[in-house]
Amino acid sequence: MKFGFQREPWRDLIPEVVGWIEKTTMNKATDVVQGGHHIAAVVVGDDEQFEVDCPAMAEGVRKKVAKAIAATGWKGAGVSPCVHLDGANFVLIAPVKIKTTAQQKGRQLGQDAAKAVKDLRVEHLVICKPKDLCPLKIYEGVCHTLYAAVGFKGKKVADKAKEGAKAKAGALPEKLSAIGGDFSAAEWTKAKEMSKAVAFTRLLQDAPANWLDPVRFGEIAAEVSKDAGAGVRCKIGTKQDLVTLGMGSFLSVSEGSEIEPRLITIEIDGVDNSRTVALIGKGLTFDAGGISLKPGAGMEEMKYDMSGGAAVLGAAMVLSKIKPPTRVVCIIGASENMPSGKATKPGDVVVAMNGKTIEVQNTDAEGRLVLADLLHYAAVTYSPVLMVDIATLTGAVLMALGSAGAAVMSNDQKTAEFLLKMANDTGEPLWQLPLWPELEKETKGETADLNNIAKSNVKAGSIIGGMFLKEFVGDRHWAHLDVAGTAYNSKATGFPSSGGAAYGVRLMVEACLMIEV
Ligand code: BES
Ligand code: ZN
Ligand code: ZN
């Protein structure tokens, strides 16, 4: 494609914020930094008096700042104007009032603060630690706001944006300080690695499908793994490899596309390599629905149907820097789902790798066809102690939960609870949906062993998706994350509100780090 973005080198498109993150330093300050821009949370008392929420800051300074900001006429909602006081600058942010995790509140505060200060001439950004929030989470939120995928703008616009960003030192300076907060060097490294992986995941998500196709997804995964160095091995399975493995279910999805599918496998060594955790991502770089074609309106959003796969690659990036207790294997099924004369037709019967036959009654329920083979492959190849799949699997999850949290389903309550805990600990909201035994018969087939959609009009589309996947996990502990509502244009506090949200990266990394074996 001559006029497309096909051969634009992917490294050229890495957002500026990644370079900024690599260079940032976080100094621990005990006092106001001269010339610095201080971002601080504010508490508005019943008497409408402001109180700067930063116990580590001298009380006298806090009082003075509160008074100066009140004098501007600010009412205590959103972000205050920037005031200059005794050689330093202050911006107060009213944290969100809704009940949510401290992680999300911290990130949201950072996002809002960065929006307020990124166009000021900031020489030194100072994060004032609020009583209940961590400065590293605020930093992660700042990184969310600094992300800009300018690579897909016309060259002139992109160059100008890059120049502008450089003139303003990446919009914000690399020198940061925190007043308060007792974080370790390892925690700082983790926050940086996580923020880089989140920006990278968002780039993959936001990329158009004529740039990020399955083949390129494989190339990027291979290069990222190579960069990670020893202890990380990547294999890129081609269409022929899928044929050899007998992945008829996965193959049926890519049949209508001009571009070959890819089976991406990344093995990351852990402390004890005799045990493995498997992370499995749906990587549909475009889902047109196949012969069961989707309606035209909004179809462009289906470039985001690889969000699960992108989050798995993002998690792999972090885990290759922070050694997990077990080996982690990351598996991504990259494919397009397109209509054509060669495409799978509704009613076609395909044979999955585990030998089960599936009647493809609706070619738009393709994510489960890809994951079916990946789950079985992971189970028999690695006997993982835990398998987690992540997928933009059903539109129905938006009906059930909206966009402020994702769904988790599991064949084992302890596993579900472990993931719910990890979600809570990382501020990536998750809500459990049941795999009702009564619905088990819904995916049983008449022509074939299984149908890829429910037999009757049961409506519980997300649960049916989970029930179908359960047929392929064998006796493994498994959890399925349906992230169709949160992967992009998320409404969750502390996530980027438009475009890719990189939902799942933190949650999966934490699950791999915290698993007890
Ligand atoms: N990729 C879609 C699910 C989706 C919908 C993701 C909206 C993000 C936003 C998936 O492949 C799909 O089309 N699912 C069907 C399943 C149905 C045919 C049983 C759906 O949700 O309608
Ligand atoms: Zn679909
Ligand atoms: Zn899909």
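Everything that follows concerns the structure shown earlier in this document.
A brief structural summary. Note that this is a predicted model, so its numbers are computed, not measured.

### A few points about the environment of L125
Part 1: Note that L125 resides in strand β6 (residues 125-128).
Part 2: Spatially, the C-alpha atoms of L125 and D272 are 41 Å apart, while their sequence positions differ by 147 residues.
Part 3: Those residues in contact with L125 that lie beyond four places of it in its chain are H37, I39, V117, L172, P173, K175, L176 and S177.

### Side note on the layout of surface pockets
Part 1: Computed from the structure, the second largest pocket encloses a volume of approximately 570 Å³.
Part 2: Lining of the second largest pocket is provided by 28 residues; of these, R368, L393, T394, G395 and A396 occupy positions nearest its centre.
Part 3: Residue assignment for the lining of the second largest pocket shows that the elements contributing at least two residues are β10 (272-287), α11 (367-382), α12 (396-401) and α14 (461-470).
Part 4: When grouped by side-chain class, the residues that make up the lining of the second largest pocket number 12 nonpolar, 7 polar and 9 charged.

### Describing the nonpolar core
Part 1: Counting 98 residues, the largest nonpolar core has W20, Y139 and L279 as the members making the most contacts within it.
Part 2: Ranked by residue count, the leading element in this core is helix α6 (residues 185-206), at 9 residues.
Part 3: Look past the residues within four positions of Y139 in its chain and what remains in contact with it is W20, I21, T24, M26, I127, L176, W188, A191, K192 and S195.
Part 4: Counting residues in each nonpolar core, the second largest holds 45 residues, with V253, Y382, M409 and L469 among its members.

### Here we look at the pairing of strand β9 (residues 262-268)
Part 1: For β9, the buried fraction is high: 7 of the 7 residues fall into the buried class.
Part 2: What you see with β9 is no split at all: R262, I264, I266 and I268 on one side and L263, T265 and E267 on the other are buried throughout.
Part 3: Inspection of the sheet shows strand β8 (residues 232-237) paired to β9 by 6 bridges, in the antiparallel sense. Each bridged residue has a counterpart across the sheet, and for V232 the counterpart in β9 is I268.
Part 4: Pairing geometry for β9 and strand β11 (residues 326-337), over 7 bridges, is antiparallel. The partner of E267 across the bridge, within β11, is V329.

### Focus: the site of ligand 1
Part 1: Lining the immediate surroundings of ligand 1 are 16 residues, of which K294, D305, D364, E366 and G395 lie closest.
Part 2: In this structure, K294 approaches ligand 1 through a side-chain N or O atom, which is 2.8 Å from an oxygen atom.
Part 3: Between ligand 1 and E366 there is a distance of 2.8 Å, counted from an oxygen atom to a side-chain nitrogen or oxygen.
Part 4: Summarising the interface, the protein chains cover 78% of the accessible area of ligand 1, which totals 520 Å² for the free molecule.

Cut-off values and rules
- Residues numbered from 1 in each chain as written.
- Chains lettered and ligands numbered in written order.
- Predicted model: local features only at pLDDT ≥ 70, side-chain atom pairs only at ≥ 80, totals over all residues.
- Heavy atoms only, no water.
- Helix = DSSP H or I, 4+ residues; strand = E, 2+ residues; numbered from the N terminus.
- Contact = heavy atoms within 4.5 Å.
- 1 Å grid on protein atoms, 1.4 Å probe; cavity = no way out; pocket = protein on both sides within 12 Å on 5 of 7 lines; lining within 4 Å.
- Points joined across faces, edges and corners; volume = space filled by probe spheres on them.
- Nonpolar A, V, L, I, M, F, W, Y, C, P; charged D, E, K, R; others polar.
- Core = buried A, V, L, I, M, F, W, Y, C linked by side-chain atoms within 4.5 Å.
- Buried < 20%, exposed > 50% of the residue type's maximum accessible area, 1.4 Å probe, protein only.
- Pairing = 2+ DSSP bridges.
- Near = heavy atom within 4 Å.
- Polar contact = N/O pair within 3.5 Å; in protein donor to acceptor, adjacent residues only side chain to side chain.
- Areas by Shrake-Rupley, 256 points an atom, 1.4 Å probe, with all protein chains shown as cover.

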